[in-house]
Amino acid sequence: MPNQGFEADQTVAAAKSSCLNKSPEEVFSRGWPFSFRQDFVQDKALLTKTALMILMLVFFLDILSRNANADVDLWGYLAFGRLFWEGGSFPYQDVFTYVPTHTVWVYHEWLTGVLFYPIYTHLGAAGLQSLKMLFAFATLSLIFATARRRGASFYGAVLILIVMSGFLMGGYSPVRAQVFTYFFFTLTLYLLETARLTCRWRGLWLLIPIQVAWCNLHGGFLAGLGLIFIYAAGEVLARRPFWPYLTILGLSALATLINPYGLQYWLFMVQAATMPRPHITEWASVLSAYTLGLQVKYLYYFFAVCIFVGSLIWVCRWRELTAGLALAITFCLGLKHIRHQEFFLILSAAYLAAPLSSYLTVLMNRLRRQAIYRRLAWHLGLIFLMIIFFLSSQRLLSQNPFGLKVPSCTEADQGSTSYPVNAVDFIRSKKLDGRLLTEFNWGEYLLWTLYPQCLVAVDGRYETVYPDKVMQSYWDFKYARPGWEKFLQEYPPDMVLLQTNSKVYPLLQKEPDWREVYTDAGSGLFVRSSN
């Protein structure tokens, strides 16, 4: 021990002696034991990355908090969860409606309702919003990890995440079951990419339990199976090992039979995946959505991203068969249905971060030859990031990111999500009960707030509950088509609650069999004249 201490003292003394005989420049440039320059550079890089991560945190929180309005499907989740926890048995038959229904209520989001209901009852809106943000940041982390595994630099992965962050606006603003789908989709992508890059297949076995949980939380599990199939097809075309993907695909598909409905769940999913939904805005095509003026700002953003992706692929001469196949398919799906654009954005962020990193490296090497342009680029980038941070933090502080709004149709723009809050209060105060016909987007809110006092006619659960005949008759009524009265005759309600700007509202006002007992700026309630 004494010898070790003496040797250590000699080492320090030798280092000091050598330092005294060298200029400061030589000391800092030649790996002196206390290499201050290297430490400073490393600390500066660490501080830069830390500041960038904080900026991203604020930026993404701002996006996630921009729309705190409760989604129309949330009330359906909560109603099912309440029925599950308080009913004593699994609800295979619908109890919320008075019109004919399917023999078995195949609710592909049943586990979401089972989870959401106790969270909402015990923790309130903050609990649901916290769950949404937890899964959102987990998804972002997986995208970042996938990009880094594929060879992207830190800054390249961060930059492309910011560019593709629009998927948070489309998929995470309301609290929906889609938060599980985007997380599991990205986790599946990470496992598939890890296996493809390393040729180690053991991690693919995790896809089997992932599919079991996923298929019970949301019908989007089909996207995961589709991604596995794309990887198998891509590897076939690339003449690389593909049997592990096909094996896992078959086993994962079989695992989805572990659900409360068995094979009937798959029969329902095939029908649901292939049926047209012309009346549901998020299932509209890009062309239809643009023509009808739906989500115009988001569509402009999607077009801009497509131009960016195409330009990056062209400039970097990116040629990757399996990843390119996945991008092409999700791009086509995004054109066909706007709700599928999030998958294209997620894959673009994961796949194209590496080409973007290479391009940035080439660009920076060019700028290093001209110091003035390098400094200018650095200062402009810093100013741009500071502006983003200031705007995002200001907007974030002005709103409650953990709140959940239930906007009344008397206060909100009727083109956005709003609910007949005052009309529901009127029904409760007057103790009106019975069969209630209402707007499609209001149905789940009413079955959550008024059941068992009132039974609704049709609601947003759509094909999971109602036969095609009922839905077709309802659409004729809602849009005041010829024979709109037929629904009132075949499925007679006791009350009708409508939006004041709906097409059928003025027609019902003229009907002698109905009288309006309540009206406000956004809703009108009718009861039968005989009552």
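Below or above, wherever it landed, is the structure these notes cover. (Residues numbered from 1 in each chain as written. Predicted model: local features only at pLDDT ≥ 70, side-chain atom pairs only at ≥ 80, totals over all residues. Heavy atoms only, no water.)

1. As for helix H18 (residues 421-429)
Inference 1: Within H18, the full set of buried residues consists of Ala423, Val424, Phe426 and Ile427. Seen end-on, H18 carries its buried residues on one side only, within an arc spanning 155 degrees.
Inference 2: Positive backbone phi, at 55 degrees, marks Lys431, one or two positions downstream of H18. (Buried < 20%, exposed > 50% of the residue type's maximum accessible area, 1.4 Å probe, protein only. Helix = DSSP H or I, 4+ residues; strand = E, 2+ residues; numbered from the N terminus. Arc of directions from axis to C-beta.)

2. A closer look at the packing of aromatic side chains
Inference 1: In total, this model carries 51 aromatic pairs according to the counting rule given.
Inference 2: With a centroid separation of 6.4 Å and an interplanar angle of 70 degrees, the aromatic rings of Tyr120 and Trp448 are classed as edge-to-face. Of this pair, Tyr120 sits in helix H5 (residues 110-149) while Trp448 is found in helix H19 (residues 443-450), placing the two residues 328 residues apart along the sequence.
Inference 3: The partly exposed category is assigned to Tyr120, whose relative accessible area is 25%.
Inference 4: Above the ring of Trp283, the side-chain terminus of Arg277 is found at 4.4 Å from the ring centroid.
Inference 5: The ring of Trp105 carries Arg461 above its face, with NZ or CZ at 4.9 Å from the centroid. (Phe/Tyr/Trp six-rings, centres within 6.5 Å; stacked < 30°, edge-to-face > 60°. Lys NZ or Arg CZ within 6 Å of the ring centre and 35° of its normal.)

3. A few points about the pattern of salt bridges
Inference 1: Counting across every chain of the model gives 16 salt bridges.
Inference 2: A salt bridge links Arg461 to Asp459; the nearest nitrogen and oxygen atoms lie 2.7 Å apart. Of the two residues examined, Arg461 and Asp459, each falls in the buried class. (Salt bridge = Lys/Arg side-chain N within 4 Å of Asp/Glu carboxyl O.)

4. Some details on unusual backbone geometry
Inference 1: Tyr451 connects to Pro452 through a cis peptide bond whose omega is 5 degrees.
Inference 2: For Pro452, the position within the fold is in the loop between H19 and strand S2 (454-456).
Inference 3: The phi dihedral of Cys199 falls on the positive side, at around 60 degrees, and the residue is not glycine.
Inference 4: In this structure, Arg239 takes a positive phi of about 60 degrees despite not being glycine.
Inference 5: Of note, Arg239 is situated in the loop between helix H10 (221-237) and helix H11 (243-255).
Inference 6: Given the relative accessible area of 79%, Arg239 is considered exposed.

5. Here's the deal with the nonpolar core
Inference 1: Judged by nonpolar contacts, the single largest core of 155 residues is most densely connected at Tyr351 and Phe487.
Inference 2: It is H5 that contributes the most residues to this core, 14 residues altogether.
Inference 3: The next biggest cluster of nonpolar side chains, apart from the first, holds 5 residues, and it includes Ala284, Val286, Leu299 and Ile338. (Core = buried A, V, L, I, M, F, W, Y, C linked by side-chain atoms within 4.5 Å.)

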